[in-house]
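# Residue-level structural notes
Given next are the chains, with one letter for each unit.
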Amino acid sequence: MEPTFQRILYGGDYNPNQWSREIWTEDMRMFQDARINSATINVFSWAKIQPSEETYDFSELDDIVDMLSRENYDIVLATSTAALPAWMVKRYPEVARTDYEGVRHKFGGRHNACPNSPVFQKFARNLAGKLAERYGSNKHVACWHISNEYGGECYCEHCTSAFRVWLRKKYKTIEALNKAWNMEFWGHLVYDWDEIVLPNALSDGIGYNKTAFAGLSIDYCRFNSDSLLANFTMERDAIREFDKDTPITTNLMGTYKALDYFKWAKEMDIVSWDNYPSYNTPWSSTAMRHDLMRGLKGAPFMLMEQTPSQQNWQRYNSLKRPGQMRAQSYQTVAHGADTIQFFQLRRSVGGCEKFHGAVIAHAGIEDTRVFREVKQLGQELEKLGTMTLGSENKAEVGIVFDWDNYWALEYTSGPSEDITYVNTIHQYYKYFYEKNIAVDMVPVDADFSNYKVIVAPVLYMVKQGMKEALEKYVADGGVLVTTYMSGIVDESDNVHLGGYPGPLRKLAGVWVEEIDALAPEQKNKAVFADGTKTECGLVCDLMHLEGAECIAKYGADFYAGMPAVTKNTFGNGAVYYIGTRLDTEGLNKIMNSIVEKALVAPVIDEPTELEVVVRTSKDAEFYFIMNFKDGEYPVPACFTGETDVLSEKKIESGETMKKYEVRIVRRAISK
Amino acid sequence: MEPTFQRILYGGDYNPNQWSREIWTEDMRMFQDARINSATINVFSWAKIQPSEETYDFSELDDIVDMLSRENYDIVLATSTAALPAWMVKRYPEVARTDYEGVRHKFGGRHNACPNSPVFQKFARNLAGKLAERYGSNKHVACWHISNEYGGECYCEHCTSAFRVWLRKKYKTIEALNKAWNMEFWGHLVYDWDEIVLPNALSDGIGYNKTAFAGLSIDYCRFNSDSLLANFTMERDAIREFDKDTPITTNLMGTYKALDYFKWAKEMDIVSWDNYPSYNTPWSSTAMRHDLMRGLKGAPFMLMEQTPSQQNWQRYNSLKRPGQMRAQSYQTVAHGADTIQFFQLRRSVGGCEKFHGAVIAHAGIEDTRVFREVKQLGQELEKLGTMTLGSENKAEVGIVFDWDNYWALEYTSGPSEDITYVNTIHQYYKYFYEKNIAVDMVPVDADFSNYKVIVAPVLYMVKQGMKEALEKYVADGGVLVTTYMSGIVDESDNVHLGGYPGPLRKLAGVWVEEIDALAPEQKNKAVFADGTKTECGLVCDLMHLEGAECIAKYGADFYAGMPAVTKNTFGNGAVYYIGTRLDTEGLNKIMNSIVEKALVAPVIDEPTELEVVVRTSKDAEFYFIMNFKDGEYPVPACFTGETDVLSEKKIESGETMKKYEVRIVRRAISK
Amino acid sequence: MEPTFQRILYGGDYNPNQWSREIWTEDMRMFQDARINSATINVFSWAKIQPSEETYDFSELDDIVDMLSRENYDIVLATSTAALPAWMVKRYPEVARTDYEGVRHKFGGRHNACPNSPVFQKFARNLAGKLAERYGSNKHVACWHISNEYGGECYCEHCTSAFRVWLRKKYKTIEALNKAWNMEFWGHLVYDWDEIVLPNALSDGIGYNKTAFAGLSIDYCRFNSDSLLANFTMERDAIREFDKDTPITTNLMGTYKALDYFKWAKEMDIVSWDNYPSYNTPWSSTAMRHDLMRGLKGAPFMLMEQTPSQQNWQRYNSLKRPGQMRAQSYQTVAHGADTIQFFQLRRSVGGCEKFHGAVIAHAGIEDTRVFREVKQLGQELEKLGTMTLGSENKAEVGIVFDWDNYWALEYTSGPSEDITYVNTIHQYYKYFYEKNIAVDMVPVDADFSNYKVIVAPVLYMVKQGMKEALEKYVADGGVLVTTYMSGIVDESDNVHLGGYPGPLRKLAGVWVEEIDALAPEQKNKAVFADGTKTECGLVCDLMHLEGAECIAKYGADFYAGMPAVTKNTFGNGAVYYIGTRLDTEGLNKIMNSIVEKALVAPVIDEPTELEVVVRTSKDAEFYFIMNFKDGEYPVPACFTGETDVLSEKKIESGETMKKYEVRIVRRAISK
């Protein structure tokens, strides 16, 4: 794949506007020492560069751009529209958001603009255009970064009106809308578009996370995601008037719920994202998010933000241990990143992020552990050069991730409040992660034929066309794994009548008659043909075989003996239906058998406690070998004798790796 | 007692308006198969039958009523006023409620009308009248069901004004109000009625459940209950203009806090209620609620809603186990129900209750476990016929339940936040339940002379006349059991001065000098004359004997040796005062002795693990024998040789019953 | 020190306005019996004494004052402005507060006036003046008590405007403000004063306890404290127009967060406070609050409120055990109180405090345990007479307490959410308490030279001049103990650049490179030179010695071996820097060594489980010897043969004290 950048961007958020000119000079010196070659600037400077409705003042920004250009930085130029200037909120209170309780906010915070405010839109578009006009031709501007971490919701009158327009466009008639949302329920029939109000605490919201009408609330999620996306494309198009080719991005946030990133990615030139694991986040969870971000466009991505060491906004902001940031960075590259950027380059003197780690500490010197680690990584990345840029991650397994499902599953009232989307997806991802089997995170409309196995846990909402796509995939020899809470509703959250799992019933060869919910203190057993018994819980589908065979059955309760896990042969392929939340042992048992039969290969054949990931360029494979475990483990024997690109040393037989150690092995592809 | 209905109504909520006509036909066929003979319709159809301020459209409802009439259903016809039409909220925003935080809501949800909105009142009254005019003469309309699950509060300006009118009517002068609420406290004196505001988060509310002025807040509770009741009687009276005799009800909700159901029941022709236990609700708790619902009018009631299997809005919506719904239904009948109705007959396709269990599942077929169980029960009820209809539940024990006390006790600030009303009542109810001793739940103004024992736990508020009533009851030979936190305040929540338990002091023969509060980690002991020591806690009254004798004393702390439980002989009767929360062992010990001395008889003499309840008609007793325990237990020997009405088999010696098994034995009363 | 009062005021809040005249007579009789000599009146009577905007009615108050004067009471006369009259809120809604969510409240509660409402200010000033004019010359009025328990916040438009004025006065230019709050962060630059809004849920507040801009939020805390203080001084000055010398106070609340009591105390003639420990509050914590209240002016204080037995608003309002109230009262006197006053003298009949303990119970008689204990104490205090009045508490140790630090530390986002101010201060206070080492709680601008040891835990904010003051103190031979999270920010919450602990770096001789945060389940070890290992956690400073010596080092993790506790010799003194939260054993080990080297003497040399505190008058020392432990312990041998002032008995050798026993020994000072 053609790389977006000419080198690995290594740098991050840089806010010289918060500092004196003496500090700028010091920064340049220190960054050079650390091999930093890129800076993300102008992220939160709207009030500075537009001090009033009528005035723009780019003088300081000019100086910053000049300095970075002189120093040959790749500039990631942000548009500053993620936080409103105070003067704008004062003069036009409508630009501020109205919250879930229906209260309009005053000036404060960030991510605070109503996406449907015409005033905000006008000012944001103008600013993006002016920036592009001024800096678009600067060859050092390597990337445009629109706004910042888009997110949040607004419930104001502008949004209400815009929602009605959005709905009219989608449904055409009020009758169609009434049907889609099943508005006969609780007598909610509407006769006019302006009877519709946003679903919040004052209307159909139930608490913060539930709703009386999931169809309505999911449409609001889609609308809100679209509204913010329209803000993005509006600025993008304003930039494109002046700058035809510099890539344009905005930084995403992994599994952030509110935005349908698959839809967003279509409008972005390159995906970028911010990776902030907590002290106790499993490494598999971080890996999954990387794969999801890569999956959005099926292409390498930018790591726009990570902290060199410490967070500030988590409950317990542990230091990254020595080597941890380096290992985390290589994991990021391994999973598809072509940049490594930090938030931020110099720790702030004040404001709520002043304890957020940075390349330069408050001490202001190079002689810190963190700076040394940043510099070491900078030197290594410089050595790595361009060889990994644009290289691909290939996978035989696809895991379906879908924001509509995310929203719908979690709005569902019943059977159990403890069913959550990302956790469930992660349970399946983790299986592959621990086997070093490469995974693509794919959308519901992916080309499944690229994969030997498609895993679609809690595929609660099955939208139009998906039944056919999955049936074709399996008939053609694919293997599909799905679970409880699948095939239940259509895209409007109305149940697919005729028995669960609805459109998947024929494919899975089972009929789920009932879904039992188990409280946390309740457990059942999954009993396998070989007598193995493993624990299961959360929900238990009570199902009947309709062509499928039983792989495991329940071991307790009145449905003991009924199938818990089934396999159905369908055309040339097979469908596994897992009707309950299995424990690790049970899930491994089933997945091992699936992987084996589907001939899915791990990255290396050898079992290992290490994470091993491969990226593939036109002429070489890059094996990233990383230890994220507490113990010390041998480098897999298959790499013995090969050279670690980082140390330039040969890997010896029996050589071991401690926690956070990394090796990269390049294998040429013989053509 | 003359039964309200000619047969056991068996059916439930039916919403054909949510479905196509093909489905209606299918419904009729399947319902007939299940022996369903009744349907509750038009519960949430206001927007459908009145599409605008000026228009009514009964065409669909006509078709539904016609179909059901043709099929000889007993129609329970709802008035649809429990959810506002969207057009009404748009045109008259005042019809929506204002919440505890003082914010007026927009369109959404249900139970959403301000009870004091003149606009709402006008439209609701009109609608009820029009329905009665149209359908009142239909002989298949067996019952009117006004609105649905009345509840909630409103804090709008209409309610504020109405509250002032309500207060003026109650107190006549502002001086009387100031005295009643003790408004000298915190300088709250008011000089004019319009200085009074509703007690919410913006005024005298403290958090959600506490208040600075309990007198004010309790009056607001009474006012709010009255306001909603006025909505009910308004619709009732509108119906009565056209339909003079069809019984009129609305569905209540057990121990729901906000409405004084004893006051409501006086306005209802028959009580109906919705029974939704959770997966871990004790069966004694459900039984207590049935007895409370029966006690409201001292008459059989309707079970208006239960789920055939699964709930959707609880945290963990477990399936009802095989036989559980049947056993639960018979428990309901045993405690006084003359109908068994489900929510609902066909599972919804969308909306937040789409996972709520129903007779017909999303699969749409009869061949489901749930449908089969519903059909079995239908067949059995058909066989049971009319024999139990109108029969009575007789009890020698009355437990006092009082909404004023419920409100007052839980508004109390001190001594312990952990004192709650329903839990405390249930602790005492459970004792009798486990002994199969029949209990009536009675109001504070009941005719106590009907009972050998009156139990009045936490009789915190003793209203005018109650002292005299209880003294007469005991003097005449009755036995009264009361507890800590009794006799403290008058009906305005002002303390009865002169020493606790105030008006009960002479009667109980004790003076409670102090009330200690124990944190959950703290315990004391109740030490009995025979040396038995049992645990107690929560609160400990420090009391002095004034004529009473000590039954148990404290075993620890500085009040070790002071009485914890006392008995006072008063006239021909006795009063037991239990000054602390005893554990089960201690409470059983005392209650056993009370029951023995009072010659209170259980339903059958034989001890058993089974629940046994008896209903009595003019000519027979019906013994309901039910197993709600996990173990298998013998049918009590006294029933050996008698015939189980359901199976028509003779009960054999040593015959056992598994969990959820039921026997019904009919014993003719020889005249 | 010259005592403020001529006798120990013994009495408390008295609300005869809530009662009939017959009760007044009864009160006088009973109070005399209990040796009560003082009453706090008119606390919540605004609506009574000013029934409308135009009318005042002092007739009842005249009668109360006359009665108390006749009975020779020391009257503490409150101004009644702590709760608005209903009529005022109705006529001038602006007088009510606007809450953190931006909603203006209606009539209700107390402490409900917007401090910046001109209407409130006018009425409050007038009332205070009228009271002073009427009662100021009454010699029985011993003290003015303005308002009551000042506290809370307001976020209305009046406060917004006043805040802008306050800021303009402080910062002079908008540029200075932008710099102080680091407004370049998140693009918050303001160009005009009226762009500034109050930091609440609608602007820069993050949840209830965090903020995006600590500088802004701390300034708001200062402003709010100042606003309420201006209410106080306004009333004070109105009183002074008519009464030149009666002492004026208002009752404070220990470590209440919202008000900078050191600043307040400067405006008060005498400090008074309300002491409400919970059933499980450590006695050291209560002692610390007494010392803080004494420290505010470095002078004896009034105990304005405590309950004779029971609270009502805590979760579990346990009774005070026999002797507990007496022991608590003597602890209060021991730590500097010259009055013992209760809330309240007669238990209320209604309102949310009706279960709050009082001298006279609802029973209304003397023959109660509580009354007897109050009477016993009254007799003893009468015997004690004036001898302790005005006597001083001398200390060689000062612990720094500072509201700016309190606010700043707890607004901090990072490194750990579990760092709280008062708990941390208390950990250090407790060490001295358990050793019977007298402590003064001192402000940041105290004259440190009065102390051998200054302990300044979490001295997060180091304001201008403090560096110099601390350096001088240590250079001159003082010993300073400080901890992690010290020296981080300046008075605007901007980081002192150049390496932590900023201005204390040279003094402490260490550089803290990083601050690790440990989750609750994570621990490290502090390893001492002698091999002792004790547990530590919460945060771990990673520090480098810059002249200091290592006292203890970490025992685990990648920073094992780095210093955890250090000592630096600086001039003639020494600085101890404790870089982590030590457990009790570790902290004791270090503090023992510090105390020993600094020659800090406990009150008595002999170790004891008893609390021993000394107050010193011109001619005598009063030793208060109190047992707050469950066990029975000997009176320290050094008191053998001396006379207990209370019992007038000689203390015998081997004499022991049970829980809550007290001895007072007077030792004449030979001149």
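Residues numbered from 1 in each chain as written. Chains lettered and ligands numbered in written order. Predicted model: local features only at pLDDT ≥ 70, side-chain atom pairs only at ≥ 80, totals over all residues. Heavy atoms only, no water.

### Side note on the relation of the copies chain C and chain A
- By a simple turn and slide, chain C fits onto chain A: the slide is 0.0 Å along the axis, the RMSD is 0.0 Å, and the turn is 120°. Viewed as a symmetry operation, the transformation between the two copies matches a three-fold axis. Closest approach to the rotation axis within chain C is made by the C-alpha atom of Val103 of chain C, at a distance of 5.5 Å. (Least-squares fit on C-alpha atoms with pLDDT ≥ 70 in both.)

### Overview of the interface of chain C and chain A
- Facing 53 residues of chain C, the contacting portion of chain A comprises 49 residues.
- When the two sides are added together, the surface that chain C and chain A hide from each other amounts to roughly 4500 Å², 55% of it contributed by carbon and sulfur.
- Contact with chain A buries surface across chain C, with Glu184, Trp186 and Leu202 of chain C losing the most and accounting together for 16% of the total.
- For the interface between chain C and chain A, the tally reads 10 salt bridges.
- One salt bridge in this structure joins Asp418 of chain C and Arg315 of chain A, with 3.0 Å as the shortest N-O distance.
- At the surface where chain C touches chain A, the tally comes to 30 residue pairs in polar contact (both at pLDDT 80 or more).
- Of all the elements, strand β16 (residues 510-517) of chain C adds the most residues to the side of chain C that touches chain A, at six residues.
- Counted by class, the side of chain C that touches chain A contains 26 nonpolar, 13 polar and 14 charged residues. (Contact = heavy atoms within 4.5 Å. Buried area = accessible area lost by both parts, 1.4 Å probe. Salt bridge = Lys/Arg side-chain N within 4 Å of Asp/Glu carboxyl O. Polar contact = N/O pair within 3.5 Å; in protein donor to acceptor, adjacent residues only side chain to side chain. Helix = DSSP H or I, 4+ residues; strand = E, 2+ residues; numbered from the N terminus. Nonpolar A, V, L, I, M, F, W, Y, C, P; charged D, E, K, R; others polar.)

### What about the sheet that holds strand β10 (residues 301-305) of chain C?
All names here are of chain C.
- The strand order β7-β4-β3-β2-β1-β11-β10-β9-β8 describes an open sheet built from nine strands, whose pairing is parallel. The sheet is open, and its two borders are formed by β7 (248-249) and β8 (251-252), each paired with just one other strand.
- Here β10 pairs with strand β11 (residues 337-342) via three bridges, running parallel. The residue of β11 that forms the bridge with Met302 is Thr339.
- Running over the sheet, helix α10 (residues 283-297) touches β8, β9 (272-274) and β10 and is turned about 125° from β10.
- Sheet contacts for helix α12 (residues 369-384): β1 (9-13) and β11; angle to β1, the most-contacted strand, approximately 145°. (Pairing = 2+ DSSP bridges. Axes fitted to C-alpha atoms, helices over the stretch in contact; angles between N-to-C directions.)

### Focus: the interface of chain A and chain B
- With 53 residues of chain A at the contact, the number on the chain B side is 49 residues.
- Overall, the association of chain A and chain B removes approximately 4500 Å² of surface from exposure, summing both partners, and the carbon and sulfur fraction of that is 56%.
- Inspection of the chain A/chain B interface yields 10 salt bridges.
- Salt-bridge contacts for Arg321 of chain B lead to Asp516 of chain A; the nearest nitrogen and oxygen are separated by 2.6 Å.

### Let's talk about the packing of aromatic side chains
- Here the structure, examined in full by the defined rule, presents 122 aromatic pairs over all chains.
- Ring centres of Phe448 of chain A and Tyr473 of chain A lie 5.9 Å apart, and the angle between their planes is 65°; on these two criteria the pair is classed as edge-to-face. Remark: Tyr473 of chain A occurs in helix α15 (residues 466-475) and Phe448 of chain A occurs in the loop between β13 (439-442) and β14 (453-456); sequence separation between them is 25 residues.
- According to the relative accessible area criterion, Phe448 of chain A is buried, its value standing at 3%.
- Relative accessible area serves as the criterion here: at 7%, Tyr473 of chain A is assigned to the buried category.
- Between Phe58 of chain C and Tyr135 of chain C, the ring centres sit 6.4 Å apart and the planes meet at 85°, which makes this aromatic pair edge-to-face. Separated by 77 residues along the polypeptide, Phe58 of chain C in the loop between α2 (46-49) and α3 (59-70) and Tyr135 of chain C in helix α5 (residues 118-135) bring together distant segments of the chain.
- Its relative accessible area of 4% is what places Tyr135 of chain C among the buried residues.
- The rings of Tyr100, Tyr155, Phe163, Trp166, Tyr171, Trp181, Tyr208, Tyr220 and Phe223 of chain A are connected pair by pair, giving a single aromatic cluster.
- Of note, Arg346 of chain B hangs over the ring of Trp19 of chain B, and the distance from its end group to the ring centre comes to 5.3 Å.
- Directly above the ring of Tyr56 of chain C sits Lys130 of chain C, whose terminal nitrogen or CZ lies 4.8 Å from the centroid. (Phe/Tyr/Trp six-rings, centres within 6.5 Å; stacked < 30°, edge-to-face > 60°. Buried < 20%, exposed > 50% of the residue type's maximum accessible area, 1.4 Å probe, protein only. Lys NZ or Arg CZ within 6 Å of the ring centre and 35° of its normal.)

### Looking at the domain arrangement of chain A
Residue and element names in this part refer to chain A.
- In terms of domain boundaries, chain A breaks down into domain 1 (10-152 + 228-384), domain 2 (397-598) and domain 3 (611-668).
- For domain 1 and domain 3, the distance between their C-alpha centres works out to 32 Å.
- On the side of domain 3, 12 residues touch domain 1, which itself brings 21 residues to the contact.
- For the pair domain 1 and domain 3, the summed buried area comes to about 1400 Å², and 64% of that belongs to carbon and sulfur atoms.
- Inspection of the domain 1/domain 3 interface yields two salt bridges.
- The closest approach of N and O atoms between Asp338 and Arg615, which form a salt bridge, is 2.9 Å.
- Run the count over domain 1 and domain 3 and you get six residue pairs in polar contact (both at pLDDT 80 or more).
- Broken down by secondary-structure element, the contributors of at least two residues to the side of domain 1 that touches domain 3 are α10 (283-297), α11 (324-334), β11 (337-342) and α12 (369-384).
- Taken together, the residues that form the side of domain 1 that touches domain 3 break down as 10 nonpolar, six polar and five charged. (Domains from an automatic or database assignment.)

### Here's the deal with helix α17 (residues 584-598) of chain A
All names here are of chain A.
- Spanning 15 residues, α17 covers 20 Å between terminal C-alpha atoms, matching the ideal 21 Å at 1.5 Å per step.
- The set of residues buried in α17 consists of Gly586, Leu587, Ile590, Met591, Ile594, Val595 and Ala598. Considered in projection along α17, the buried side chains sweep an arc of 150° and stay on one side of the axis.
- One or two residues past the end of α17 sits Leu599, with phi positive at roughly 60°. (Expected span 1.5 Å × (residues − 1). Arc of directions from axis to C-beta.)

### Quick look at unusual backbone geometry
- Cis geometry marks the peptide bond from Tyr500 of chain A to Pro501 of chain A, where omega comes out at -5°.
- Looking at the element boundaries, Pro501 of chain A is found in the loop between β15 (479-483) and α16 (505-508).
- Residues other than glycine seldom take positive phi values, yet Leu538 of chain B does so here, at roughly 70°.
- Residue position: Leu538 of chain B is located in strand β18 (residues 533-545).
- Of note in the backbone geometry, Glu648 of chain C takes a positive phi value of approximately 60° without being a glycine.
- Along the chain, the position of Glu648 of chain C falls in the loop between β26 (643-644) and β27 (649-650).

### Section: the sheet that holds strand β1 (residues 9-13) of chain B
Residues and elements named next belong to chain B.
- Pairing is parallel in the open sheet, where nine strands are placed in the order β7-β4-β3-β2-β1-β11-β10-β9-β8. With partners counted over all chains shown, the strands left at the sheet margins are β7 (248-249) and β8 (251-252), one partner each.
- One ladder, built from three bridges, connects strand β9 (residues 272-274) with strand β10 (residues 301-305); its direction is parallel. Residue pairing across strands places Ser272 opposite Met302, the latter belonging to β10.

### Some remarks on the pattern of salt bridges
- A complete count under the given rule lists 153 salt bridges over all chains for this structure.
- Here Lys90 of chain B and Asp192 of chain A are joined by a salt bridge, their closest N and O atoms 3.9 Å apart. Of this pair, Lys90 of chain B sits in helix α4 (residues 86-91) while Asp192 of chain A sits in the loop between α7 (174-180) and β5 (205-206), which puts the two residues in different chains.
- Using a relative accessible area of 38% as the deciding quantity, one classes Lys90 of chain B as partly exposed.
- Salt bridges here are not isolated pairs; linked through shared partners, they connect Lys170, Asp219, Arg222, Asp402, Asp404 and Lys463 of chain A.

### Topic: helix α14 (residues 421-434) of chain B
Residues and elements named next belong to chain B.
- Here α14 spans 20 Å end to end across 14 residues, near enough to the 20 Å set by a 1.5 Å rise per residue.
- The largest bend in α14 amounts to roughly 25° and is located at Tyr428.
- In terms of burial, α14 is a largely internal element, 11 of the 14 residues being buried.
- The complete set of buried residues in α14 reads Tyr421, Val422, Thr424, Ile425, His426, Gln427, Tyr428, Tyr429, Tyr431, Phe432 and Tyr433. (Bend = angle between axes of the 7 residues up to and from the residue.)

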